[in-house]
Amino acid sequence: MSNKILKIGRPYIKDSDNGVRLYSDLSLDNKKYTIWYEFDSKYKNAITFERIDGIVVNVLLYAMEHSLDITSDQPITEELMYSLENSLIPAISKNIHKYKRIKLLLKSEAGTLSNDSGVNAVGASASGGVDSFYTLLKHTGMEKSDFNVTHLTFFNAGASGAFGGDKARERYHERIDWIKSVADELGLEMVCVDTNINEFLKQGHEATNTYRTLAIPLLMQKLFSKYYFASSYEFAEFKFKETDTSFYDILNLPCLSTPNLKFYLSGAEVSRNEKLQFISKYPITYNKLNVCVAQAHNCSKCDKCRRTMIALYGLKKLDLYKNVFDVDYFNKHKHEYFRIMMALRSWKEVPVWHEWNDNYKLVRREVSLLDRFLGKITLLYRVMRRKIYKTSFGKSIYEKYVKKD
Ligand SMILES: [Zn+2]
């Protein structure tokens, strides 16, 4: 039986209340869904409407999940089509059961696009977390100035709410001022892009993050020539994993690059704690580091906050971060943090268990016998709770499980 068809309509640009939008009509099962991406008006000339590279990348995993061949009257960049057809689609469908092999019924076009914006921007995304700050700070003030970040990006591409809608948009807008303050302090331009495609895709964030994020610089190929994507894992951790595209980013990034825009994976050469050590030399992080998965600002009590605080404590840097973490609480309840660390460092189903283990190596002398014992009880409690609530790891560990702590 042949696959159904997802048709990408010819993209068009229209002014909107908040800037300028790129629209495209997606057709599936005789239904039409109009997607849009909204940019600041000053980036109007940068919008890549001539080729559908960004939209194809944005819907690729959706089409592979639902066995949909992709078609359009508008061309895709030849090099991108080659990589998708010959590397990504076969490799992902072979190694991740959920994704099926699909066809790209598209015409392709070779060569670069004319750079109407006259800028060769170097982009990096801002989330405020450790990976993002490492990428950003590593690429400012470099001797090879062509590689220095010029534009800080922030997209409503799933991190503020994977399924989109008003709540995600509200959270996205809440964070813009904060991101802008980082851009201003570092003297960078800022690019914010909103979209409604999340409401169409309805896919988990980590499970599709690389594709949903990098689709947007691909919609701005007349602005960006380089774009750094912050790695979540080290190079040695490469694997195909349904719940998190970041595990196979060393394959994704070269395949999604085009002659106009090259993606670089940043930070996969070091561990999380090495990144922390690096960023702790930069005072901007003392007031701006934001790792929390439970709240808009660091709650100091979710597992991600705890993991970061223990690492900073072990590196003797935690006091520097008293404006963004509740350091007093940590000092009074240090052993409570150690017990959770002892539980999670030995639970190898947790994707970042080795980072907890790295933390243990930093603070092991302070871990008491009681912490070790209570760590085992904590582990038992968490395993039981996971079984009862049937929460899964990977993309949802923070959203469904850790976040509730
Ligand atoms: Zn938190």
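Reading the values: rules and limits
Residues numbered from 1 in each chain as written. Predicted model: local features only at pLDDT ≥ 70, side-chain atom pairs only at ≥ 80, totals over all residues. Heavy atoms only, no water. Helix = DSSP H or I, 4+ residues; strand = E, 2+ residues; numbered from the N terminus. Expected span 1.5 Å × (residues − 1). Bend = angle between axes of the 7 residues up to and from the residue. Buried < 20%, exposed > 50% of the residue type's maximum accessible area, 1.4 Å probe, protein only. Patch = residues over 30% accessible without salt bridge, like charges linked within 9 Å, V, L, I, M, F, W, Y side chains within 5 Å. Areas by Shrake-Rupley, 256 points an atom, 1.4 Å probe, with all protein chains shown as cover. Salt bridge = Lys/Arg side-chain N within 4 Å of Asp/Glu carboxyl O. Lys, Arg positive; Asp, Glu negative; His and termini not counted. Charge placed at Lys NZ, Arg CZ, Asp CG, Glu CD. Pairing = 2+ DSSP bridges. Right-handed = clockwise from strand over helix to strand, strands pointing away. Domains from an automatic or database assignment.

Some remarks on helix α1 (residues 53–65)
Then comes step 1: Between its first and last C-alpha atoms α1 spans 19 Å; for 13 residues at 1.5 Å apiece the expected length is 18 Å, and the two agree.
Then comes step 2: At Val59, α1 shows its largest kink, close to 45°.
Then comes step 3: A large share of α1 lies buried, amounting to 12 of its 13 residues.
Then comes step 4: Taken together, the buried positions of α1 are Asp53, Gly54, Ile55, Val56, Val57, Asn58, Val59, Leu60, Leu61, Tyr62, Ala63 and Met64.
Then comes step 5: Two residues or fewer after α1 comes Ser67, characterised by a positive phi angle close to 55°.

Structural notes on a positive patch on the surface
Then comes step 1: Judged by side-chain charge, Arg364, Arg365, Arg372 and Lys376 come together as a positively charged surface patch.
Then comes step 2: In this structure Arg372 comes out as partly exposed when scored by relative accessible area, which is 30%.

A look at a nonpolar patch on the surface
Then comes step 1: Together, Phe235, Phe238 and Ile250 make up an exposed nonpolar region whose accessible area comes to about 250 Å².
Then comes step 2: Tracing the backbone shows Phe238 in the loop between β12 (224–230) and α7 (249–256).

As for the pairing of strand β11 (residues 189–195)
Then comes step 1: Most of β11 sits inside the fold, with 6 of its 7 residues counted as buried.
Then comes step 2: Bridge count between strand β4 (residues 31–39) and β11: 2 bridges; the pairing is antiparallel. In the strand pairing of β11, Tyr37 is matched with Thr195.
Then comes step 3: As paired strands, strand β10 (residues 151–155) and β11 are joined by 5 bridges and run parallel to one another. The residue of β11 that forms the bridge with Phe155 is Val193.
Then comes step 4: Following the backbone out of β10, through helix α4 (residues 165–186) and into the adjacent parallel β11, one traces a crossover that is right-handed.

Overview of the domain arrangement of the protein
Then comes step 1: Structurally, the protein comprises domain 1 (4–109), domain 2 (121–266) and domain 3 (296–394).
Then comes step 2: Relative to domain 3, the C-alpha centre of domain 1 lies at a distance of 41 Å.

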